[in-house]
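# Structural overview for review
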Amino acid sequence: MARNKLLTALLLYPLSRLFGLGVSIRNAMFGGILKEREFDIPVVVVGNLAVGGTGKTPHTEYLVNALSRDYHVGVLSRGYRRKTKGFIPATPQSTPEDIGDEPFQIYRKYGKRAKVAVCESRVTGIEKMRALDPELNLMILDDAFQHRYVKPTIAVVLTEASRLPYKDHLMPLGHLREPISALQRADIVVVTKCPDDMPPIDFRTIKMHLNLQPWQTLLFTRYEYGKPLAVFPDNNTPAPSLSSLTPQDCVLMVSGIAHPKPFVRYLRSFGVKVKLKRFEDHHVFTHADMEAIEAKFNAMGGRRKYIITTEKDAVRLASNPYFPINLRPYTYYVPIRVQCIGSRNDENLEEVVRKKLKEKTTQLV
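Described in the following lines is the structure provided in the data block. Please read these numbers as outputs of a predicted model, since none were measured by experiment.

## So, the packing of helix H2 (residues 56-67) against helix H10 (residues 349-361)
Between H2 and H10, the shortest axis-to-axis distance is 10 Å and the interhelical angle comes to 65°. Note that H2 runs across H10; the crossing there is right-handed. In this structure, H2 contributes His59, Tyr62, Leu63, Ala66 and Leu67 to the contact, and H10 contributes Leu349, Glu350, Val353, Arg354 and Leu357. Partitioned by chemical class, the residues of the contact of H2 with H10 number seven nonpolar, one polar and two charged.

Have a look at this one:
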C-alpha cells in the first residue's frame, strides 16, 4: 500500500509542478495583459485554495445574514452543475437544476433580503444584476477567489482545519487550486470546521505556519448544528430529537457533499447507529439512486429508523421526482450555521468584514 502511494506521488508530482506553472503564469498576467474590473460598489469574494468542502456556502450565508441588515445585497455564483447557461436571476419559480443547489439554498433562505443570481462571468453577472436592481450597493461572490476578472474589495479565503494548505499540494498531487502564496491576496483567512475542543496550541501553530501579513486577519470557525427539519413540506411526522436517539435506533445518512465525515461523527455522538450512503459532491440523484437509498433503508434494523441528510442535499432531494413517497415521512435534514471561535474583542467574521468595508469603501468614494 505504501509503495503504491509513493509510486502515485512520483507520477503526479511533475503534473502538479506543471499545473503550478500554469497558475503562476495566469496570475502574473493579471495587472498586465489581463485586467481586473473594479466596481464602484464594494465586492466581497468568498473562496478557497483547495477543491471543495471548505464551507463556502455556509460562510456566504453568514455574510448575507449579517450584512443584509445594512446593505442592499446581491449574491452571485456561477451555479455549479446547473443545467442552464449564462445569466439567470433566482425567482420563486427557480429550481436547483436552473441555478445550482447552493444558490437555490441561499435564495430559499434569504431571497426576501438579498438578490441572488448565477453567471459564469462574474463581471457580466454583476453588471446585469445592477441593471435589474440599481439599488444594489454590495455584492457577495460565492467561490470566486480564482475568478480574478473582478477585483474584490475584500477577499475572504477559507481553509478547512483538517486540510490546511501548508500540509497539502497542488493538484493533481493534492487538492490545492493555487499555492499557499496566493493567500497574500486575501484580506481575511478563515480556518473552518474547527473541532469544538480545539486546544489553544493549535490556534498558535496554525497562525505560525500560515505566516500572514500584519494587515491580514486570521479567524477560526466551527459549525453549529440545528434541530432536524422535514425535507418535504407535507411531512407531518414529528421531527426526531437527536438527543433522544439510542443505540437501538438507526439513521441512514444520505450525502452528496465533498466531506461528510464531520457530520457522520456529529450524528454518531448521540449514540445512534449511522449508515452512510455516499454520493459525489453536487450529485444529481437518479431513479437508480433512489432505489438504492430505499433498499438500504428497508434493510436497516432498529427500533426507529430515519433518513438524515445535509441542508445542501435536502434541496436536491426535495425537488427530485424519483424520491420514494413512502420514505418522505422519515426524511430530515440538519441545518448548520457558522460560529466564530477563539476570538477576542471584535475579532469575529461579521465585525472584521464591517471594519474592512468601512476602511476600504472610503477609498471608493
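On we go from here.
## Topic: H10
Taking 1.5 Å per residue as the helical rise, H10 with its 13 residues ought to reach 18 Å, and the 18 Å between its terminal C-alpha atoms agrees with that figure. Within H10, burial applies to Leu349, Glu350, Val352, Val353, Arg354, Lys356 and Leu357. The N-terminus of H10 is capped by Asn348, whose side-chain oxygen sits 3.2 Å from the backbone nitrogen of Glu350.

## Overview of the nonpolar core
Formed by 39 residues in total, the largest nonpolar core has its most connected members in Met139, Leu141, Val191 and Phe220. Mapped by element, the contributors of at least two residues to this core are strand S1 (43-48), helix H5 (122-132), strand S5 (138-142), strand S6 (154-160), strand S7 (188-192), helix H6 (200-210) and strand S8 (217-225). If near-sequence neighbours (up to four positions away) are discounted, Val191 is found in contact with Thr159, Ala161, Leu164, Ile206, Leu210, Leu218, Leu219, Phe220 and Thr221. Counting residues in each nonpolar core, the second largest holds 32 residues, with Val118, Val156, Val190 and Val315 among its members.

## Quick word on the sheet that holds S1
Read from one edge to the other, the open sheet built from nine strands follows the order S3-S4-S2-S5-S1-S6-S7-S8-S14, with strand pairing classed as mixed. Each end of this open sheet is capped by a strand with a single partner; those strands are strand S3 (88-89) and strand S14 (336-341). In terms of strand pairing, S3 meets strand S4 (residues 114-118) through two bridges, oriented antiparallel. Bridge pairing in S4 places Ile88 opposite Val118.

## Brief notes about the environment of Arg278
Within the element layout of this structure, Arg278 appears in strand S11 (residues 273-278). Along the backbone, Arg278 and Gly256 are 22 residues apart, and their C-alpha atoms lie at a distance of 6.2 Å.

Rules used in this analysis
Residues numbered from 1 in each chain as written. Predicted model: local features only at pLDDT ≥ 70, side-chain atom pairs only at ≥ 80, totals over all residues. Heavy atoms only, no water. Axes fitted to C-alpha atoms, helices over the stretch in contact; angles between N-to-C directions. Helix = DSSP H or I, 4+ residues; strand = E, 2+ residues; numbered from the N terminus. Left-handed = near helix turned anticlockwise from the far one by under 90°. Contact = heavy atoms within 4.5 Å. Nonpolar A, V, L, I, M, F, W, Y, C, P; charged D, E, K, R; others polar. Expected span 1.5 Å × (residues − 1). Buried < 20%, exposed > 50% of the residue type's maximum accessible area, 1.4 Å probe, protein only. Polar contact = N/O pair within 3.5 Å; in protein donor to acceptor, adjacent residues only side chain to side chain. Core = buried A, V, L, I, M, F, W, Y, C linked by side-chain atoms within 4.5 Å. Pairing = 2+ DSSP bridges.

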